[in-house]
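# Report on the structure
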Amino acid sequence: MTRDLRRLTAEQVSSLILPTEPWLSCEDCFRLMDQYVEALLHGQGEVDVPRMEVHLRGCAACAEEAESLLELVAQEDGVDPGPAMARLQG
Ligand SMILES: [Zn+2]
């Protein structure tokens with residue numbers, strides 16, 4: 001007798017195993033946050049912005065941290081945080 005295991009669709013399985021799926025730990029996210037905020041404010045930097053955005057969308061703690069850092073850096077640099085903030089908040 002076979003057990004009726006919970007089944008995943010092929011799509012769900014591939015989303016779990018896809019090696020190209022951007023993934024970042026909170027630790028990596030915090031490490032890259034300075035660069036990410038700089039990239040958002042000034043449109044430059046080495047940081048992998050899409051990867052950060054995927055993480056920030058799914059992680060409220062990092063998103064909150066990024067928002068306050070963005071405000072701080074914008075103030076320090078004397079730039080308008082508006083467009084960068086809009087992008088950050090997706
Ligand atoms: Zn996080």
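Another point: the environment of Arg 51. Note on placement: Arg 51 falls in helix H3 (residues 49-58). Looking at Arg 51, the relative accessible area reads 32%, which means it is partly exposed. Remark: the alpha-carbon pair of Arg 51 and Cys 29, spanning 22 residues in sequence, is separated by 9.1 Å.

Protein-derived coordination of the zinc ion comes from Cys 26 (SG), His 55 (NE2), Cys 59 (SG) and Cys 62 (SG), at a distance range of 2.0 to 2.3 Å. Coordination at the zinc ion is tetrahedral: its four donor atoms span angles of 104 to 114° at the metal. Read in sequence order, the donor residues coordinating the zinc ion give the pattern C-x28-H-x3-C-x2-C. On the criterion of sequence distance, the pair formed by Cys 26 in helix H2 (residues 26-42) and Cys 62 in helix H4 (residues 60-77) is long-range, its members being 36 residues apart. Of the residues examined, Cys 62 reaches a relative accessible area of 0% and is grouped as buried.

Because an α-helix packs 3.6 residues into every turn, residues spaced three or four apart end up facing the same way. Across its 18 residues, H4 extends 25 Å between first and last C-alpha, which sits within 8% of the 26 Å expected from 1.5 Å per residue. Looking at H4, one finds that the buried residues are Cys 62, Ala 63, Ala 66, Leu 69, Leu 70, Val 73 and Ala 74. For H4, the angular spread of buried residues about the axis comes to 135°, placing them on one side. Exposed side of H4, more than 90 degrees from the buried face: Ala 60, Ala 61, Glu 64, Gln 75 and Glu 76 are the residues found there.

In this section: the pattern of salt bridges. Considering all chains together, one arrives at two salt bridges under this definition. The residue Arg 31 makes a salt bridge to Asp 28 at a minimum N-O spacing of 3.0 Å. Of this pair, Arg 31 and Asp 28 both sit in helix H2, three residues apart, which is roughly one turn of the helix. With relative accessibility at 56%, the residue Arg 31 sits in the exposed group.

Thresholds, definitions, all that
Residues numbered from 1 in each chain as written. Predicted model: local features only at pLDDT ≥ 70, side-chain atom pairs only at ≥ 80, totals over all residues. Heavy atoms only, no water. Helix = DSSP H or I, 4+ residues; strand = E, 2+ residues; numbered from the N terminus. Buried < 20%, exposed > 50% of the residue type's maximum accessible area, 1.4 Å probe, protein only. Donors = N, O, S within 2.8 Å, 3.2 Å for Na, K, Ca; no water. Tetrahedral: all angles 85-135°; square planar, octahedral: opposite > 155°, others 65-115°. Expected span 1.5 Å × (residues − 1). Arc of directions from axis to C-beta. Salt bridge = Lys/Arg side-chain N within 4 Å of Asp/Glu carboxyl O.

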